[in-house]
Number of protein chains: 2
Amino acid sequence: MLKEERHRFILNEVGIHNRVLLTDIASLLDVSVDTIRRDIKELHNSKLLKKVHGGAISLGFNNYNPIGKTVYSLEEKSRIAEKGISLIKEGQVILLSGGTTNLELAKRLPSKFKLTCFTPSLPIAVQLLTKSNIEVIFIGGRLSKDSQIAIGGSAINMLSEIKVDICFLGTNSIHPVEGLTEFDWEIVQMKKAMIHSSRKVVSPCISEKIGSLQRFKICGVEEIDVLITELEPWDVKLDAFKNMNIQLL
Amino acid sequence: MLKEERHRFILNEVGIHNRVLLTDIASLLDVSVDTIRRDIKELHNSKLLKKVHGGAISLGFNNYNPIGKTVYSLEEKSRIAEKGISLIKEGQVILLSGGTTNLELAKRLPSKFKLTCFTPSLPIAVQLLTKSNIEVIFIGGRLSKDSQIAIGGSAINMLSEIKVDICFLGTNSIHPVEGLTEFDWEIVQMKKAMIHSSRKVVSPCISEKIGSLQRFKICGVEEIDVLITELEPWDVKLDAFKNMNIQLL
DNA sequence: CCTATTTTTGCATTATATTGCTGTAATAAG
DNA sequence: CTTATTACAGCAATATAATGCAAAAATAGG
């Protein structure tokens with residue numbers, strides 16, 4: 001059995017049961033406890049679950065405890081968010097997908113002028129509701145426990161009925177050849193619909209996600225109008241994007 | 001059971017009841033009192049609750065105030081919520097409107113069996129997302145800043161496409177002759193749509209709202225199937241409702 | 001196809017964490 | 001003041017984590 005398979009299995013179990021025991025997984029997959037321990041350590045480091053004594057537990061939020069929510073790259077995310085905000089003009093209609101970068105962006109949206117803001121993300125909606133100058137429209141649908149965004153047909157339907165000025169598309173993986181990819185199929189569908197509903201697509205993306213690859217494809221890089229990263233313009237990681245028709249910030 | 005799980009459980013209990021007894025938790029989770037004591041000490045050190053002699057209390061609890069009307073009506077709301085929950089059966093599909101009473105109800109929804117839960121209320125959705133046994137579907141739409149629920153055509157559209165087993169309709173004013181009334185026109189529209197989408201309408205309603213009247217009418221009393229209040233059955237305030245076809249709890 | 005190199009895995013060992021129990025001190029309540 | 005309950009410290013039993021190492025498997029280069 002491949003390591004990747006085990007990782008998926010573990011994440012799946014955590015997704016379903018919110019917790020797993022080291023020993024259970026080991027016997028289910030018929031490998032040693034050490035192996036699973038190492039797997040969980042890796043997943044923990046990738047912030048996909050929380051390693052605890054005896055097993056692992058979902059990051060899934062619980063109102064009260066800010067477990068492991070120490071956002072590493074908060075600083076970079078802030079800078080990216082600020083850049084993103086500079087693209088917004090008074091009175092525009094914007095669409096925010098989920099993700100922590102977009103949440104940072106939402107927090108920083110200006111209170112100077114009116115905006116209309118669509119989002120399928122619960123935390124972002126909560127954040128935006130505190131701002132009196134922003135009209136918030138929630139894209140409804142079935143809520144995904146881990147990503148905390150609405151997914152499914154109903155949400156995609158609602159997206160199909162709108163056309164916004166700018167979409168800020170939180171991005172898990174962007175690759176110069178393969179384009180944007182995602183781990184979760186339902187989220188792929190959502191993101192496709194979001195791109196379709198937007199005149200301009202902006203992808204705020206911290207550098208560690210550039211060049212990575214996941215299972216499902218959302219779209220090619222050519223669908224993205226603006227890529228915002230914290231990297232310096234001459235960084236080698238960006239070379240591959242340079243002769244495409246993408247604005248780099 | 002993992003330590004982290006106990007921690008979450010305790011925090012959850014504290015969140016709901018504002019206080020917990022060491023011994024209760026210990027017997028509920030079937031571990032020794034010492035273990036829970038140590039758990040609570042850790043949570044206390046992380047400033048997630050306040051350790052007190054014999055148990056723990058929520059951090060905000062003291063701030064609320066000792067003479068507290070808030071706490072008083074919270075207690076009643078809890079009782080009403082518990083009653084409401086007793087109406088729910090395994091696997092049902094329910095619809096929760098907004099309001100603090102429904103939020104209390106959402107917090108207390110059982111984790112024993114699967115449920116599907118529609119709601120246009122942001123705080124309720126946030127609450128429900130923490131429960132792994134409940135599928136949450138958010139009724140999307142423009143979010144009202146003060147009531148924090150989705151309103152407007154899009155939300156009403158989405159409501160028109162569903163039919164649920166029970167609707168818990170948070171109620172601002174109920175009057176034996178005039179029926180249910182509301183202050184806000186948009187919310188009236190939402191509630192009308194919710195009633196229309198439900199086989200059974202339950203109105204959890206603390207007594208101070210009985211007999212009061214607001215500007216716009218939602219529906220007559222006859223549309224309500226069950227009225228839950230904290231009043232005793234012989235209370236004079238309820239007389240007017242008695243010869244109607246309403247179940248009083 | 002074969003071999004060198006790297007990665008992955010399981011096992012043994014040692015270190016650490018968790019838990020319940022004991023006895024004793026502290027605290028609340030009458 | 002007395003009594004019952006709760007808190008705490010220390011201890012032992014058990015479970016889990018970390019580490020180093022060797023065998024097995026995968027990978028890369030020729």
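Residues numbered from 1 in each chain as written. Chains lettered and ligands numbered in written order. Predicted model: local features only at pLDDT ≥ 70, side-chain atom pairs only at ≥ 80, totals over all residues. Heavy atoms only, no water.

A.B. asks: In this structure, what is going on with the overall build of chain A? I would like to understand it.
C.D. replies: Looking only at helices and strands, chain A has 9 helices and 15 strands in total. Expressed as lengths along the three principal axes of its C-alpha atoms, the size of chain A is roughly 55 × 40 × 35 Å. In chain A, buried positions account for 51% of the 249 residues. Across chain A, every contact between residues at least 6 apart in sequence was considered, and the portion connecting residues at least 24 apart equals 58%. Taking the average place of the 32 positive charges on the side chains of chain A and the average place of its 29 negative ones, the gap between the two points comes to 4 Å. (Helix = DSSP H or I, 4+ residues; strand = E, 2+ residues; numbered from the N terminus. Buried < 20%, exposed > 50% of the residue type's maximum accessible area, 1.4 Å probe, protein only. Contact = heavy atoms within 4.5 Å. Lys, Arg positive; Asp, Glu negative; His and termini not counted. Charge placed at Lys NZ, Arg CZ, Asp CG, Glu CD.)

A.B. asks: How do you make sense of a positive patch on the surface when you look at a structure like this?
C.D. replies: Residues and elements named next belong to chain A. On the surface, a cluster of positive charge is contributed by Arg37, Arg38, Lys41 and Lys51. Among the elements that take part in the positive patch, helix H3 (residues 33–45) stands out by supplying 3 residues, more than any other. Turning to its location among the elements, Lys41 is positioned in helix H3. Take Lys41: its relative accessible area is 46%, and that puts it in the partly exposed class. (Patch = residues over 30% accessible without salt bridge, like charges linked within 9 Å, V, L, I, M, F, W, Y side chains within 5 Å. Areas by Shrake-Rupley, 256 points an atom, 1.4 Å probe, with all protein chains shown as cover. Salt bridge = Lys/Arg side-chain N within 4 Å of Asp/Glu carboxyl O.)

A.B. asks: Got a minute to help me understand the protein's contact with DNA strand D in this structure?
C.D. replies: As a structural note, the neighbourhood of DNA strand D is formed by 16 residues, with A:Leu22, A:Arg37, B:Leu22, B:Arg37 and B:Gly54 the closest of them. Here DNA strand D approaches the protein such that, of its atoms within 4 Å, sugar and phosphate make up 81%. A distance of 3.4 Å is found between a sugar or linking oxygen of DNA strand D and a side-chain nitrogen or oxygen belonging to A:His53. Where the surface near DNA strand D is concerned, the elements lending two or more residues are H3 and strand E2 (50–52) of chain A together with helix H3 (33–45) and strand E2 (50–52) of chain B. Class assignment of the residues belonging to the surface near DNA strand D gives a composition of 4 nonpolar, 4 polar and 8 charged. (Near = heavy atom within 4 Å. Polar contact = N/O pair within 3.5 Å; in protein donor to acceptor, adjacent residues only side chain to side chain. Nonpolar A, V, L, I, M, F, W, Y, C, P; charged D, E, K, R; others polar.)

A.B. asks: Even after reading the chapter, I still don't get unusual backbone geometry, so can you show me in this structure?
C.D. replies: One can expect most non-glycine residues to show negative phi and most peptide bonds to be in trans. Even without a glycine there, the phi angle at A:Gln148 is positive, about 60°. Relative to the assigned elements, A:Gln148 resides in the loop between strand E7 (141–143) and strand E8 (150–151). Positive phi is not limited to glycine here, since B:Asp30 has a value of about 60°. By the secondary structure assignment, B:Asp30 is in the loop between helix H2 (22–29) and H3.

A.B. asks: Help me understand the sheet that holds E2(B), please; the structure alone is not making it clear to me.
C.D. replies: In a beta sheet, neighbouring strands are held together by backbone hydrogen bonds and run either parallel or antiparallel to one another. Residues and elements named next belong to chain B. An order of E1-E3-E2 is seen for the 3 strands of this open sheet, with the pairing classed as antiparallel. This sheet does not close on itself; its edge strands, each paired only once, are strand E1 (19–21) and E2. Each adjacent strand pair in this sheet contributes to an overall mean axis angle of 20°, direction not counted. Two strands pair when backbone bridges link them, and E2 and strand E3 (residues 55–57) are joined in this way by 3 bridges, in the antiparallel orientation. Bridge assignment links Val52 to a residue of E3, and that residue is Gly55. (Pairing = 2+ DSSP bridges. Axes fitted to C-alpha atoms, helices over the stretch in contact; angles between N-to-C directions.)

A.B. asks: Looking at this structure, I do not really get the packing of helix H1 (residues 3–17) of chain B against H2(B). What am I missing?
C.D. replies: When two helices pack together, you describe them by how their axes are tilted relative to each other and by the distance separating the axes. Residues and elements named next belong to chain B. One can describe the packing of H1 onto H2 by two numbers: an axis separation of 12 Å at closest approach and a directional angle of 130°. On the basis of their axis angle, the class for H1 and H2 is oblique. Viewed along their axes, H1 and H2 form a crossing whose handedness is right-handed. Taken together, the residues of H2 that come into contact with H1 (itself represented by Arg6, Phe9, Ile10 and Glu13) are Ile25, Leu28 and Leu29. Looking at the contact of H1 with H2 residue by residue, the classes come out as 5 nonpolar, no polar and 2 charged. (Parallel < 35°, antiparallel > 145°, perpendicular 65-115°, else oblique. Left-handed = near helix turned anticlockwise from the far one by under 90°.)

A.B. asks: How do you make sense of the interface of chain B and chain A when you look at a structure like this?
C.D. replies: Interface size is commonly expressed as the accessible area that is lost once the parts come together. Taken together, the contact pairs 32 residues of chain B with 42 residues of chain A. Summed over both partners, the interface of chain B with chain A comes to about 3000 Å²; 63% of that surface belongs to carbon and sulfur atoms. Summed over the three residues of chain B that lose the most area to chain A, namely B:Arg8, B:Leu129 and B:Lys145, the buried surface amounts to 24% of that side. Taken together, the connections running from chain B to chain A amount to 4 salt bridges. Note that A:Glu135 and B:Arg142 form a salt bridge whose closest N and O atoms lie 3.4 Å from each other. (Buried area = accessible area lost by both parts, 1.4 Å probe.)

A.B. asks: Whenever I open this one, the domain arrangement of chain A confuses me. Can you help?
C.D. replies: For chain A, the assigned domains read domain 1 (3–57) and domain 2 (74–248). When each unit is reduced to the centre of its C-alpha atoms, the spacing between domain 1 of chain A and domain 2 of chain A is 30 Å. (Domains from an automatic or database assignment.)

A.B. asks: Teacher, can you tell me more about the sheet that holds E7(A) here?
C.D. replies: With mixed pairing, the 9 strands of this open sheet are ordered in space as E8(A)-E7(A)-E6(B)-E5(B)-E4(B)-E9(B)-E12(B)-E14(B)-E15(B). Looking at which strands have only one partner, the edges of the open sheet turn out to be E8 of chain A together with strand E15 (247–248) of chain B. Pairing geometry for strand E4 (residues 93–96) of chain B and strand E9 (residues 164–168) of chain B, over 3 bridges, is parallel. By the bridge assignment, B:Ile94 is partnered in E9(B) with B:Ile166. In the packing of helix H9 (residues 185–196) of chain B onto the sheet, contacts are made with E4, E9 and strand E12 (198–204) of chain B, and the angle to E12(B) comes to roughly 130°.

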